[in-house]
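Notes for the structure review
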Number of protein chains: 2
Amino acid sequence: MTNKDEFIDLSHGSGGLASNELINSLFLKHFDNDFLDQGNDFASTEVTAGRLIISTDSHVVTPLFFPGGDIGSLSVHGTINDIAMSGGTPLYLTAAFIIEEGFSLGKLERIVISMAEASRKAGIPIIAGDTKVVERGKADGVFITTTGIGTVSKVVNISGERAKVHDSIIISGTIGDHGVAVMSSRQGLSFETDIQSDSAALHELVHEMITLVPNIHCLRDPTRGGVAATLNELAKQSNVGMLLNESAIPVRPAVAGACELLGLDPLNIANEGKLICICGPADAEMLVEKMRQHPLGKDAAIIGEVIEDSEHQVQMKTTFGGTRLVDWLSSEQLPRIC
Amino acid sequence: MTNKDEFIDLSHGSGGLASNELINSLFLKHFDNDFLDQGNDFASTEVTAGRLIISTDSHVVTPLFFPGGDIGSLSVHGTINDIAMSGGTPLYLTAAFIIEEGFSLGKLERIVISMAEASRKAGIPIIAGDTKVVERGKADGVFITTTGIGTVSKVVNISGERAKVHDSIIISGTIGDHGVAVMSSRQGLSFETDIQSDSAALHELVHEMITLVPNIHCLRDPTRGGVAATLNELAKQSNVGMLLNESAIPVRPAVAGACELLGLDPLNIANEGKLICICGPADAEMLVEKMRQHPLGKDAAIIGEVIEDSEHQVQMKTTFGGTRLVDWLSSEQLPRIC
């Protein structure tokens, strides 16, 4: 980097020379693409007519680096996944940084490199950005807001209100990995695991699913609030109930163990590389089989079905034979998990 | 609001029930549009084929409320203007909030209402969003990142590298108003003025300019770093120099006075409702006349010309008859002005 300072200072957010140097020596260098090289405050790109998909997410995860990822890769995967959950093709990302004065330039570069790698691996360039710096103690290291743009075919109609009674509920793999990985790396927590965050870009898996079954009804990634919050949202939007089968839900033993230790339910824990799919029962088996052929869907399973319920409850047949309510939590269990 | 709490707590960022209530009772209520009502993690919209314009900006202004605006209206205007500077038509915005635990829900609602009003007045809906909450002391009230999407006609080709020797440099009005308004409202500063921020959406002014002169070469809004930083950027990108005429640059007497008091140069101070336009000399007079018919361009003026200079310097003929360098500042003069 041409800037020899070791730490971010307020001048890096001034819009003046230091800002310009930071942008050139860090962001343009690593995100390297023709759009950014245009050097304007906007990116310009061609698009074919169709349905455009747009999504935005701020990332405030703590710690910034955790097993299996960091805030950089997470901010790329998270927004790609929100676009992918439309059944569409993510095309471009933007990234806006809010950086705390005194933050290490070395750590910032690690994060930017990680974003650049995640972006390149996914084939989705970061085409516009912004950098702001706030005084020491007015932020927490770095926050990253990414926005994604994509397009979706007109034959695809995936939306939260399309779940129908008798539909099957599919999960793409083990649940709770991201949340437990982040928690395990927080200071003051007295357990250690080998669990890695599942943070990953799901657009290619979704593409294969849509190609096989264009009439998927709902797709959503169970991030904050976990599978429980996502299914409760979908039940409410679709005016249905859901009945899960606990024994069918894939949970890694280490995740189950950590949850037991901490008094947490894996259903409430954030995932960053998993999706929930709701489709007609006739399509479900075939879809799960296809998903299992993809590395990010190898533990895919049908975990329940959509039922009639005017109260929109999510219930679960437990491994002990009973039935319990899977509620979304009203209080915060795991702050700043994404 | 259905949520009776007076302050934001971490549960509002949990992705669970409290998040859901906050979204419904605050964001969906005020931003009210069909895209948000879809209730998905993405917004879906039709677009015609053409060039798509994308821009993103985080807003960290302090204080959150200042004469002539607040962080809400600023975050709408700022991103609309970045899109407008392509010569294109802004269509949609997204908004991502990072909120500090303990922040007043009443203030948040004022900010959201202000955003909603700015968005409605500009005719550009906020179609997707996100809310994160961080612990007390880990942010500063609220930060808002907006991303804008627009389209631009293929006959328009506005870009930072298109300034040509002999081109005219136009400013749309008085400079420094935003920066001085924000500074005047900061605690500990011992001056008071009647100056209001110029925060405004410039897309309609730009539309009229482009209609009259499709061959505008450069447009840029001189925000952080002010006119000095913007002209230095453009000079570098276009491989030219610039010569300004100090007596032609419109500055309100109150702004000039405040700058003198504080030892600041109006050329370095942020604007949020002004644009710099560079065009062929034959088009300039006609363009300024047109701009003056629009309320946001009534003080428009030709302030200088593009000259040959391999060192890309911006110089200014002063009112005293001399010539001085208009450099961009390497250190931070006015942190968190936008």
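In every chain, residue numbers begin from 1 and rise along the written sequence. By the order in which they are written, chains take letters starting at A while ligands take numbers starting at 1. Confidence filtering applies because this is a predicted model: local features only for residues at pLDDT of at least 70, side-chain atom pairs given and counted only at 80 or more, and all residues used for totals across whole chains, interfaces and linings. Water and hydrogen atoms play no part in the side-chain values, which are based on all heavy atoms of the structure.

On to the interface of chain A and chain B. Here, two residues are considered to be in contact whenever any of their heavy atoms come within 4.5 Å of each other. With 79 residues of chain A in contact, the opposing surface of chain B contributes 78 residues. Buried area counts how much accessible surface, traced with a 1.4 Å probe, disappears from two parts once they are put together, with both parts' losses summed. Between chain A and chain B, roughly 6,300 Å² of surface is buried when both sides are summed, and carbon and sulfur atoms account for 53% of that area. Ranking the residues of chain A by area buried against chain B places Phe42(A), Ile54(A) and Arg224(A) at the top, with a combined share of 11%. Basic side-chain nitrogens of Lys or Arg form a salt bridge, by our definition, when they fall within 4 Å of a carboxyl oxygen of Asp or Glu. If you look at where chain A meets chain B, you find 9 salt bridges. Between Glu46(A) and Lys154(B) there is a salt bridge, and its shortest N-O distance comes to 3.1 Å. Within 3.5 Å is the distance limit for a polar contact, defined as a pair of N or O atoms, with the added protein rule that one can donate a hydrogen and the other accept it, and that residues adjacent in sequence qualify only through two side-chain atoms. In this assembly, chain A and chain B are joined by 40 residue pairs in polar contact (both at pLDDT 80 or more). Here a helix means four or more residues in a row that DSSP labels H or I, a strand means two or more in a row labelled E, and each is numbered from the N terminus. Mapped by element, the contributors of at least two residues to the side of chain A that touches chain B are α1 (17–31), β1 (43–47), β2 (50–59), β5 (89–100), β6 (126–134), β7 (142–152) and α7 (226–238) of chain A. No other element matches β2(A), which puts 9 residues into the side of chain A that touches chain B. Looking at side-chain class alone, the side of chain A that touches chain B contains 30 nonpolar, 30 polar and 19 charged residues. Each residue is assigned to one class: nonpolar for Ala, Val, Leu, Ile, Met, Phe, Trp, Tyr, Cys and Pro, charged for Asp, Glu, Lys and Arg, and polar for all the others, Gly among them.

So, about the pairing of strand β11 (residues 276–279) of chain A. Residue and element names in this part refer to chain A. Of the two faces of β11, the one holding Ile276 and Ile278 and the one holding Cys277 and Cys279 are both buried throughout. Two strands pair if DSSP finds at least two bridges between them. Inspection of the sheet shows strand β8 (residues 168–171) paired to β11 by 4 bridges, in the antiparallel sense. Counted as the bridge partner of Ile169 is Ile278 from β11. Here strand β9 (residues 218–220) pairs with β11 via 3 bridges, running antiparallel. Within β11, the position partnered with Cys218 by the bridge is Ile278. Remark: exposure states derive from per-residue accessible area (1.4 Å probe, protein chains only) relative to the maximum for the residue type, with buried under 20%, exposed over 50%, and partly exposed in between.

A few words on the sheet that holds β8(A). Residues and elements named next belong to chain A. In space, the 7 strands of this open sheet follow the order β9-β11-β8-β12-β10-β13-β14, with mixed pairing throughout. The strands lining the two open edges of the sheet, one partner per strand, are β9 and β14 (323–325). Direction aside, the axes of adjacent strands within the sheet are offset by 25° on average. Across 3 bridges, strand β13 (residues 314–317) lies against β14 in antiparallel orientation. Bridge pairing in β14 links Lys317 to Thr323. Orientation is described by lines fitted to C-alpha atoms, with helices fitted over the stretch in contact, and by angles between N-to-C directions that extend from 0 to 180 degrees.

For the rest of this paragraph, the subject is helix α8 (residues 253–262) of chain B. Residue and element names in this part refer to chain B. For α8, every residue scored as buried is listed here: Val255, Ala258 and Cys259. Down the axis of α8, the buried set is contained in an arc of 100°. They therefore lie on one face. Exposed positions of α8 whose direction lies more than 90 degrees from the buried face are Pro253, Glu260 and Leu261. Residues of α8 that are buried make contact with α5 (177–184). Count one or two residues on from α8 and you reach Gly263, which has phi positive near 70°. Within this analysis, the arc is defined by the directions that extend from the helix axis to the C-beta atoms.

This part takes up the pattern of salt bridges. In total, this model carries 25 salt bridges over all chains according to the counting rule given. Where Asp130(A) meets Arg224(B), a salt bridge forms, and the shortest distance between an N and an O atom there is 3.0 Å. You can see Asp130(A) sitting in strand β6 and its partner Arg224(B) sitting in the loop between β9 (218–220) and α7 (226–238), one on each of two chains. Grouping residues by exposure puts Asp130(A) and Arg224(B) together as buried.

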